[in-house]
Amino acid sequence: MTNNSNTFDFHTVIDRRNTASLKWDKYKDRDILPLWVADMDFKSPPAVLKALHDRIEHGVFGYSVAPEALVDITVSMLFEQYGWQVHPDWLIWLPGLVTGLNVTCRAVGNPGDDVITAIPVYPPFLSAPLHFQRNVVTVPLKYCDGKWIFDFQELEKAITPKTRLFMLCNPHNPVGRVFTRDELFQIATICEKHDLIVCSDEIHCGMILDSDKFHIPFAGLEKDIQNRTITLMAPSKTYNIAGLGCSFAVISNAQIRQRFVQALVGIVPRVNLLANTAALAAFSDTSQWLKQLLDCLRDNRDRVFSEVSKMKGFSLCHTEATYLSWIDARKSGLEDPTGFFENAGVGLSDGAEFGSPGFLRLNFGCPRSTLDEALRRMKLAVSNQQSIAR
Ligand SMILES: Cc1ncc(COP(=O)(O)O)c(C=O)c1O
């Protein structure tokens with residue numbers, strides 16, 4: 001907090017070098033601003049920091065279980081925010097959401113089966129099925145009127161008798177869409193027709209930036225849909241506690257839940273004590289922290305949009321949710337856009353990892369001054385490159 005009037009600080013640059021940070025250590029000793037992996041350069045809410053301090057002060061760090069209060073607050077949060085009534089028994093706590101994606105692929109179907117997803121998509125969607133000898137079938141999202149949308153016809157065409165699982169990312173990383181009820185219903189209709197189980201990764205559901213959009217849990221659409229859905233959620237993105245590792249699956253169907261539990265038993269460790277502590281404090285936080293974070297991210301998103309759209313050869317879509325911009329660099333003439341911007345001092349994610357070479361993902365979850373400096377470097381590099389090309 002900057003002062004005692006409940007204003008939270010999203011401006012101060014916190015030095016994350018030499019703090020065992022995946023994001024910042026990638027470019028150790030190089031002047032490259034890391035705008036790649038999806039964590040933010042902000043402190044977590046004061047309520048989370050206080051809960052962690054108090055727990056550390058206790059001094060005993062034995063095995064942990066999800067506190068009852070965490071289960072209760074999660075169930076109430078899902079009802080209050082999304083009108084989705086879940087039973088506490090449906091929750092399975094996990095030390096990471098990627099764990100949930102992998103366990104799902106292991107639990108659903110058999111080796112040799114097909115898993116279908118739309119690209120671009122968060123890279124573990126493409127790798128998790130392969131870890132369990134499933135085939136990945138991808139269907140490109142299509143760009144229509146400034147928006148990335150599902151191509152329902154192509155999606156249905158890609159389904160084979162071997163397809164068992166559809167993996168959905170909503171809100172979507174990297175294209176930043178918040179899918180509408182109508183879009184979700186169309187997916188549900190296809191999945192019901194072909195008897196597919198759906199894995200819905202909703203880790204970004206707390207980060208809706210557009211005030212006229214709201215998150216709809218896929219499983220909350222209808223009972224029948226809920227019955228075929230594994231929902232994966234976490235407080236980790238919203239409250240910037242990804243490094244602690246706490247997420248959960250919601251599975252109403254007892255058979256699917258049993259298979260999921262069987263697939264993780266003996267391999268996946270319990271959620272650690274500090275993650276449970278942080279998750280409880282995050283979901284219990286009644287301060288204005290999240291509201292102010294979203295204001296800051298909205299501002300950052302608009303800056304990225306305005307600056308990158310002015311760069312010749314680059315374009316981007318409007319980010320409805322997440323702190324990620326998805327940039328089309330295919331008309332830039334650059335063979336390796338990621339390497340080009342690294343040379344200019346900005347570290348972005350390569351679209352190829354998401355199944356879409358020629359694109360870039362920019363993480364704007366950082367103080368404005370860091371973002372402005374990154375955008376300045378990008379702009380300068382693009383204009384220098386253009387004067388050389390001329
Ligand atoms: C869609 C999506 N799912 C899962 C994760 C990672 O989750 P975890 O760190 O809990 O494994 C991310 C992180 O960027 C993500 O964007």
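Fair warning: this is a prediction, and the values are worked out from it, not measured in the lab.

What counts as what
Residues numbered from 1 in each chain as written. Predicted model: local features only at pLDDT ≥ 70, side-chain atom pairs only at ≥ 80, totals over all residues. Heavy atoms only, no water. Helix = DSSP H or I, 4+ residues; strand = E, 2+ residues; numbered from the N terminus. Rg over C-alpha atoms; globule rule 2.2 N^0.38 Å. Buried < 20%, exposed > 50% of the residue type's maximum accessible area, 1.4 Å probe, protein only. Contact = heavy atoms within 4.5 Å. Lys, Arg positive; Asp, Glu negative; His and termini not counted. Charge placed at Lys NZ, Arg CZ, Asp CG, Glu CD. Pairing = 2+ DSSP bridges. Axes fitted to C-alpha atoms, helices over the stretch in contact; angles between N-to-C directions. Polar contact = N/O pair within 3.5 Å; in protein donor to acceptor, adjacent residues only side chain to side chain. Salt bridge = Lys/Arg side-chain N within 4 Å of Asp/Glu carboxyl O. Core = buried A, V, L, I, M, F, W, Y, C linked by side-chain atoms within 4.5 Å. Near = heavy atom within 4 Å. Areas by Shrake-Rupley, 256 points an atom, 1.4 Å probe, with all protein chains shown as cover. Nonpolar A, V, L, I, M, F, W, Y, C, P; charged D, E, K, R; others polar.

Novice: Lay out the overall build of the chain in plain terms, naming residues and giving numbers.
Specialist: From N to C terminus, the chain includes 13 helices and 15 strands. The C-alpha radius of gyration of the chain comes to 21 Å, within 12% of the 21 Å expected for a compact globule of 390 residues. Scored against the burial criterion, the 390 residues of the chain give a buried share of 56%. The contacts of the chain with a sequence gap of at least 6 include a subset with a gap of at least 24, amounting to 74%. Distance between charge centres in the chain, computed from 40 positive and 43 negative side chains, equals 3 Å.

Novice: Report on the sheet that holds strand β2 (residues 91-94), specifying residues and quantitative values.
Specialist: The sheet built from seven strands is open, its strands ordered β2-β10-β9-β8-β7-β3-β4 with mixed pairing. The two strands at the open ends of the sheet, each matched to only one other strand, are β2 and β4 (135-140). Taken over all neighbouring pairs, the strand axes of this sheet differ in orientation by 20° on average, direction set aside. Strands β2, β7 (163-169), β8 (197-201), β9 (229-233) and β10 (247-251) of the sheet are contacted by helix α4 (residues 97-107), whose axis makes an angle of about 165° with β9.

Novice: Describe the side chain of Lys23, with residues and values.
Specialist: Secondary-structure assignment places Lys23 in helix α1 (residues 22-25). A distance of 3.1 Å separates polar atoms of two side chains, one belonging to Lys23 and the other to Asp41.

Novice: Break down the sheet that holds strand β11 (residues 315-316) for me, with residues and values.
Specialist: With antiparallel pairing, four strands are arranged side by side in an open sheet as β11-β12-β15-β14. Two strands lie at the open edges of the sheet, namely β11 and β14 (349-350), each paired on one side alone. In this structure, strand β12 (residues 324-328) lies alongside strand β15 (residues 359-363), joined through five bridges in antiparallel fashion. Bridging from a neighbouring strand, Asp328 pairs with Phe359 of β15.

Novice: Describe the side chain of Asp151, listing the residues and the values that go with them.
Specialist: Mapped onto the elements of the fold, Asp151 is located in the loop between β6 (147-149) and α6 (152-158). Despite being buried, Asp151 has no salt bridge partner; Lys142 is the closest side chain of opposite charge, sitting 4.2 Å away. In contact with Asp151, not counting residues within four places along its chain, are Val139, Pro140 and Lys142.

Novice: Report on the nonpolar core, specifying residues and quantitative values.
Specialist: Ranked by size, the top nonpolar core spans 68 residues in total, and within it Leu78, Leu297, Phe314, Phe341 and Leu362 carry the most contacts. If one sorts the elements of this core by residue count, helix α11 (residues 289-309) sits on top with seven residues. Apart from the residues lying within four places of it in its own chain, the contact partners of Leu78 are Gly83, Trp84, Val86, Met233, Phe248 and Val250. In this structure, Val115, Ile197, Ile256 and Val268 belong to the second largest nonpolar core, which totals 31 residues.

Novice: Break down the site of the ligand for me, citing the residues and quoting the values.
Specialist: Close contacts around the ligand come from Ala38, Gly96, Leu97, Val98, Tyr122, Cys169, Asn173, Asp201, Ile203, His204 and Lys237, and that covers them all. Here an oxygen atom of the ligand and a backbone polar atom of Leu97 are 2.7 Å apart. Between His204 and the ligand, the recorded distance is 2.8 Å, taken from a side-chain N or O atom to an oxygen atom. Look at the ligand: alone it shows 400 Å² of surface, and the protein chains cover 89% of it. Looking at side-chain class alone, the shell around the ligand contains six nonpolar, three polar and two charged residues.

Keep in mind that these numbers describe shape and distance, not what the molecule does.
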